[in-house]
Amino acid sequence: MGELIRTLDRTPKKSVYDRDFAYCGCEETGGYASLTHFLDIKSPIYCKYGDGLPVTVVEKGCYWLQFAPRGDNFWITALILPDGKFDHAYFDMTEYNVIDGARSYFRDLYLDVIVKKGGEVFVVDENELTEALARGDITKEKYDMAHATCERVIKRYGGENVKKLAALCEKYFAILSPKLSERRVIKMNLRREPFEKIKSGKKSVELRLFDQKRRDVNVGDVIEFSCDDMTLRTKVVDLYRADSFKTLFETFTMDSMGFDEGATVADGVFAMREYYSEENEKAYGVLGIKIKPI
C-alpha cells in the first residue's frame, strides 16, 4: 500500500502533463466537490474489476469529479468521460476526512467499492484491509467500520440508486466545468536568473514556503512573475506539498528547479536558506509549484 493520505486535488501524477482544477461547496455531503480535467497525459490508464471489462482510470480529456463528505467515512471519485457523461465511481473507505476547502483530504482505510453506471457493484482490496489488521496497522474497530461503511455505500448508491449518484455528478459537473476556464492571477517576484530559466523552459518547478499566501494557490491558476520591468505569465500545472525542501530536492531533478548541472540536494537546501529560515520551513512546510509558460 502506498501513501495513505489522499487530497481533493490528487492525480496519478506520473501520467499527467497538464490539467485544470476547480472546487466548490457541496450541500448534499456537507463538504466539498472538485473537478479535475486531464488536458494532456503521458499515457492512459485502464483497469478491470469483477466483470473483466476495462474501465477508464484516466485518459486525455476525461475528468475526475471528487466528493469529500463531512462526518462520514468514505470519499467519492467519479470518472466523467470527455463528453461529460458519468461512467463509474470509486469509493474509498476512509479512517477520517478532513474538510478544508481545496486542501480537503482523507486517510485511506484500504477497502474500496466501485459502482458502474449500470448499477453493478464491486468490492476490492479486502485483502489489504485484512493484512493491515494482521499487521496491527488498524484496530478491529476500524476494520469493522470499513465493512459497515462499505455496506452503507452499496445500499445508498448501488443498483437502481446509481441514478441518484449520476444525478449528483451531473449537477456538480455543470457547476464546476465553467469554473475550469476561470483563471485567477497570482503575482510573484523573481530574480533575473530563475526568471530567464522559466521563460526558456529550463526551470519548471518553483519552490516556495507553504505559508498562508501559497495555501491559496490552486492548479489552473496563473502566476505572473515579475523581474525588473519584465513580466512572465505561467500556468500552475501541479502542486507538491512536503515538510522540507530536502524532500522536494529528492523528488525532482535539480535542473527542473533551476539549479545548474552537478548541483546536489545539499546545495539546494543551502541556497533556500537565503530566502527561508529553517524555523519557517518547519512551521509552514514547503510547496513545489509545477508551471509552464503561457
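None of these values were measured; they are calculated from a predicted model.

Caption draft 1: Looking closely at the overall build of the chain. Helix and strand counts for the chain come out as eight helices and 15 strands. On the principal axes, the C-alpha backbone points of the chain span a range of 60 × 45 × 35 Å. Buried residues in the chain amount to 50% of all 294 residues. In the form shown here, the chain has an accessible surface area of approximately 14300 Å², with 50% of it arising from carbon and sulfur atoms.

Caption draft 2: Highlighting the sheet that holds strand 14 (residues 230-242). Strand order in the open sheet formed by five strands is 11-13-14-15-12, with mixed pairing between adjacent strands. Two strands bound the open sheet, and with one partner strand each, they are strand 11 (185-189) and strand 12 (205-209). Strand-to-strand twist across the sheet, computed as the mean angle between neighbouring axes with direction ignored, equals 40°. Along the sheet face, helix 4 (residues 192-200) touches strand 12, strand 13 (222-227), strand 14 and strand 15 (286-293) and points at about 85° away from the line of strand 14.

Caption draft 3: The arrangement of the packing of aromatic side chains in detail. Applying the stated criterion to the full structure yields 14 aromatic pairs. Ring centres 5.8 Å apart and planes at 15° place the aromatic pair Phe-245 and Tyr-276 in the stacked group. In this pair, Phe-245 is assigned in helix 6 (residues 245-251) and Tyr-276 in the loop between helix 7 (265-272) and helix 8 (278-284), connecting sequence segments 31 residues apart. Tyr-276 gets classed as buried once you look at its relative accessible area, which sits at 14%.

Caption draft 4: Representation of the nonpolar core within the structure. Core analysis: the biggest nonpolar cluster contains 38 residues, and Leu-65, Phe-67, Phe-91 and Met-93 have the highest contact counts within it. Counting residues per element, this core draws most heavily on helix 3 (residues 162-176), which supplies seven residues. Other than its neighbours up to four places away in sequence, Met-93 contacts Asn-73, Phe-74, Asp-108, Leu-109, Tyr-110, Leu-111, Asp-112, Val-113, Ala-146, Thr-149, Cys-150 and Val-153. If you look at the next biggest cluster of nonpolar residues, it comprises 19 residues, including Ile-186, Leu-190, Val-219 and Val-236.

Caption draft 5: Structural view of unusual backbone geometry. Positioned with a positive phi, Asp-125 is a non-glycine residue whose angle comes to about 65°. As for its position among the elements, Asp-125 is in the loop between strand 10 (121-124) and helix 1 (126-135). Exposure remark for Asp-125: the relative accessible area of 25% places this residue in the partly exposed category. A positive phi angle, close to 55°, is found at Asp-228, a residue other than glycine.

Caption draft 6: Seen up close, the packing of helix 1 against helix 2 (residues 140-157). Packing of helix 1 against helix 2 leaves a shortest axis separation of 9 Å and a crossing angle of 165°. Put simply, helix 1 runs roughly antiparallel to helix 2. Taken as a pair, helix 1 and helix 2 cross one another with a handedness that is left-handed. Of helix 2, the residues touching helix 1 (which contributes Glu-126, Leu-129, Thr-130 and Leu-133) are Lys-140, Tyr-143, Ala-146 and His-147. Tallied by class, residues from the contact of helix 1 with helix 2 come to four nonpolar, two polar and two charged.

Caption draft 7: Structural detail: the pairing of strand 2 (residues 16-26). Counting buried positions over the 11 residues of strand 2 gives eight, a clear majority of the element. For strand 2 and strand 3 (residues 31-41), the ladder comprises 10 bridges, and the chain directions are antiparallel. Its bridge partner lying in strand 3, Asp-20 is registered against His-37. Two successive antiparallel strands, strand 2 and strand 3, enclose a turn made up of four residues, where Gly-30 displays a positive phi of approximately 75°.

Caption draft 8: Region of the structure containing helix 4. Along helix 4, the residues classified as buried are Phe-195, Lys-197 and Ile-198. In a view along the axis of helix 4, the buried residues occupy a sector of 165°, so they form one face of it. In this fold, the buried residues of helix 4 make contact with strand 12, strand 13, strand 14 and strand 15. The first or second residue beyond helix 4 is Gly-201, which carries a positive phi of 90°.

Caption draft 9: Here's a closer look at the pattern of salt bridges. One pass over the structure, following the stated rule, counts 33 salt bridges. For Lys-171, the salt bridge is made with Glu-27, and the minimal N-O distance between the two is 3.0 Å. On the criterion of sequence distance, the pair formed by Lys-171 in helix 3 and Glu-27 in the loop between strand 2 and strand 3 is long-range, its members being 144 residues apart. On the basis of relative accessibility, which here comes to 65%, the residue Glu-27 falls in the exposed class.

Caption draft 10: Fine view of the pairing of strand 13. Burial analysis of strand 13 places five of its six residues in the buried class, which makes it a mostly covered element. Relative to strand 13, strand 11 runs parallel, the two sharing five bridges. Opposite Lys-187, over in strand 13, you have Glu-224 as the bridge partner. By the bridge criterion, six bridges tie strand 13 to strand 14 in an arrangement that is antiparallel. Paired with Cys-227 across the strands is Met-230, a residue of strand 14. In textbook terms, the turn of a hairpin is the stretch between consecutive antiparallel strands, and for strand 13 and strand 14 this stretch comprises two residues, one of which, Asp-228, has a positive phi near 55°.

Basis of the calculations
- Residues numbered from 1 in each chain as written.
- Predicted model: local features only at pLDDT ≥ 70, side-chain atom pairs only at ≥ 80, totals over all residues.
- Heavy atoms only, no water.
- Helix = DSSP H or I, 4+ residues; strand = E, 2+ residues; numbered from the N terminus.
- Buried < 20%, exposed > 50% of the residue type's maximum accessible area, 1.4 Å probe, protein only.
- Areas by Shrake-Rupley, 256 points an atom, 1.4 Å probe, with all protein chains shown as cover.
- Pairing = 2+ DSSP bridges.
- Axes fitted to C-alpha atoms, helices over the stretch in contact; angles between N-to-C directions.
- Contact = heavy atoms within 4.5 Å.
- Phe/Tyr/Trp six-rings, centres within 6.5 Å; stacked < 30°, edge-to-face > 60°.
- Core = buried A, V, L, I, M, F, W, Y, C linked by side-chain atoms within 4.5 Å.
- Parallel < 35°, antiparallel > 145°, perpendicular 65-115°, else oblique.
- Left-handed = near helix turned anticlockwise from the far one by under 90°.
- Nonpolar A, V, L, I, M, F, W, Y, C, P; charged D, E, K, R; others polar.
- Arc of directions from axis to C-beta.
- Salt bridge = Lys/Arg side-chain N within 4 Å of Asp/Glu carboxyl O.

Function-wise, these values are silent; they only describe arrangement.
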